[in-house]
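Residue-level structure breakdown
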Amino acid sequence: MRINPSTFSPGEALLWRHGVVEPEFIDLDGIAAAEGAEVRYRALDGCEARLVVFGDRGIISIKPDPKYPGRQRFSLAHELAHWQCDRAVGGALCAADDISPSNTEAKGRESAANNYASQLVLPDYLVAPRAEGLAFTLDAAQELARAFRSSLTAAVLKLLRHTARPAAVACHLADGRCWFRKSRSLPPDAYILGELHYDGPAIKLLYGDEGGRTRPHTEPATRWMSGPSTRGKDVCCQSLKLPDAVLTTLELLR
Ligand SMILES: [Zn+2]
């Protein structure tokens, strides 16, 4: 494994300073304590997580989320990011919508904290060598999520960042809204459609009660994407039912 610390993001540099050379060494509670912030898990009203600053000490409070430990871990990473970057301007009170691995591109304190958190949970220097040999599917992202104890959404977004394949991740909600992210090698004219195809398995997942996921399979690209470079091609796709949405990995096949 060749690692060049001079190129590290601030989140990666923090882990490196604490001796993290394997995913299982990422002890965010321990790192927070060593950096001067105590972590408490307790019921919170009106927010998902918060940071209170007392001079050079901080208290991070996290709402316990035993059903989604990866999400709880991302919340801790997000507050640790506020402690490292924003303590001079006071504490933070963060709602569930503020804390999201998919919200890293906008400008502002919350998306900056999400970006930093994504490097604490899934640091590029440890993900890159593992992502190289992985397919671009939810099953592959699950492997990463297991190794790094992250949520599947955080892992699939990180895998997208590292894959050399022309790929995308899309999240379709029941009210028709959709967010998506594209890999660097997906042609720029490929646009992810906002509606699920009426005849595809993903829409059955979205409106069914059974949950679960589809196997990786091939569908015509036009079911998922528009754009001249997608015409006549197929995509390899895999979908998963989230509580109120469907998350899908898409790889445009050549
Ligand atoms: Zn925040």
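Residues numbered from 1 in each chain as written. Predicted model: local features only at pLDDT ≥ 70, side-chain atom pairs only at ≥ 80, totals over all residues.

Below, the discussion takes up the overall build of the protein chain. From N to C terminus, the protein chain includes eight helices and eleven strands. Taken over the C-alpha trace, the protein chain has a radius of gyration of 19 Å; the compact-globule value for 254 residues is 18 Å, and the two agree within 12%. Its C-alpha atoms give the protein chain principal-axis dimensions of roughly 60 × 45 × 30 Å. Taken across its 254 residues, the protein chain has 42% of its residues classed as buried. (Helix = DSSP H or I, 4+ residues; strand = E, 2+ residues; numbered from the N terminus. Rg over C-alpha atoms; globule rule 2.2 N^0.38 Å. Buried ≥ 20, exposed ≤ 12 C-beta atoms within 10 Å, placed from the backbone.)

Right, let's talk about the nonpolar core for a bit. Counting residues in hydrophobic clusters, the biggest one holds 65 residues, and the most contacted among them are Ala77, Leu80, Leu120, Ala141, Ala155, Val156 and Leu159. No other element matches helix H7 (residues 152-162), which puts seven residues into this core. Domain assignment of the residues forming this core places at least three in each of domain 1 (5-124) and domain 2 (164-252). Excluding residues that lie within four positions of it along the chain, Leu120 makes contacts with Gly11, Leu14, Leu15, Leu28, Ala77 and Leu80. (Core = buried A, V, L, I, M, F, W, Y, C linked by C-beta atoms within 7 Å. Domains from an automatic or database assignment. Contact = placed C-beta atoms within 7 Å.)

Below, the discussion takes up the sheet that holds strand E11 (residues 245-252). Taking strand neighbours across the sheet as the criterion, the five strands line up as E6-E5-E11-E10-E8 in an open arrangement whose pairing is antiparallel. This sheet does not close on itself; its edge strands, each paired only once, are strand E6 (178-182) and strand E8 (217-220). Between one strand axis and the next, the sheet turns through 30° on average, direction left out of account. Direction of pairing for strand E5 (residues 167-173) relative to E6: antiparallel, over a ladder of five bridges. From the neighbouring strand, His172 faces E6, where its bridge partner is Cys178. (Pairing = 2+ DSSP bridges. Axes fitted to C-alpha atoms, helices over the stretch in contact; angles between N-to-C directions.)

The strand order across the open sheet formed by four strands is E1-E3-E2-E4, and the pairing between neighbours is mixed. Whereas interior strands pair on both sides, the edge strands pair on one side only; in this sheet they are strand E1 (37-41) and strand E4 (92-94). Each neighbouring strand pair of the sheet contributes to a mean axis angle of 15°, computed without reference to strand direction. Across six bridges, strand E2 (residues 49-54) lies against strand E3 (residues 57-62) in antiparallel orientation.

Following E2, the chain reverses through two residues before pairing antiparallel with E3; Gly55 in that reversal takes a positive phi of roughly 60°. In the sheet, E2 pairs with E4 via three bridges, with the strands oriented antiparallel. Residue pairing across strands places Leu51 opposite Ala92, the latter belonging to E4.

Let us now look at the packing of helix H6 (residues 138-148) against H7. Put simply, H6 and H7 touch, their axes get as near as 8 Å, and they point 110° apart. In terms of orientation, H6 and H7 fall into the roughly perpendicular class. Crossing geometry of H6 relative to H7 is assigned as right-handed. Between H6, through Leu138, Ala140, Ala141, Gln142, Leu144, Ala145 and Phe148, and H7, the contact on the second element is made entirely by Leu152, Ala155, Val156, Lys158 and Leu159. Tallied by class, residues from the contact of H6 with H7 come to ten nonpolar, one polar and one charged. (Parallel < 35°, antiparallel > 145°, perpendicular 65-115°, else oblique. Left-handed = near helix turned anticlockwise from the far one by under 90°. Nonpolar A, V, L, I, M, F, W, Y, C, P; charged D, E, K, R; others polar.)

With that out of the way, let us pick up the environment of Thr248. Position of Thr248 among the secondary structure elements: in strand E11. Here Thr248 falls in the buried class, since 27 other C-beta atoms lie within 10 Å of it. In this structure, the C-alpha to C-alpha distance between Thr248 and Leu157, residues 91 residues apart in sequence, is 11 Å. Residues in contact with Thr248, not counting those within four places in the same chain, are Ala170, Ala202, Cys237, Gln238 and Ser239.

The subject of this paragraph is unusual backbone geometry. If you check the backbone angles, Arg149 has positive phi at about 55° while not being a glycine. Structurally, Arg149 can be placed in the loop between H6 and H7.

This paragraph deals with the domain arrangement of the protein chain. For the protein chain, the domain assignment lists domain 1 (5-124) and domain 2 (164-252). Using only C-alpha atoms to locate each centre, domain 1 and domain 2 end up separated by 30 Å.

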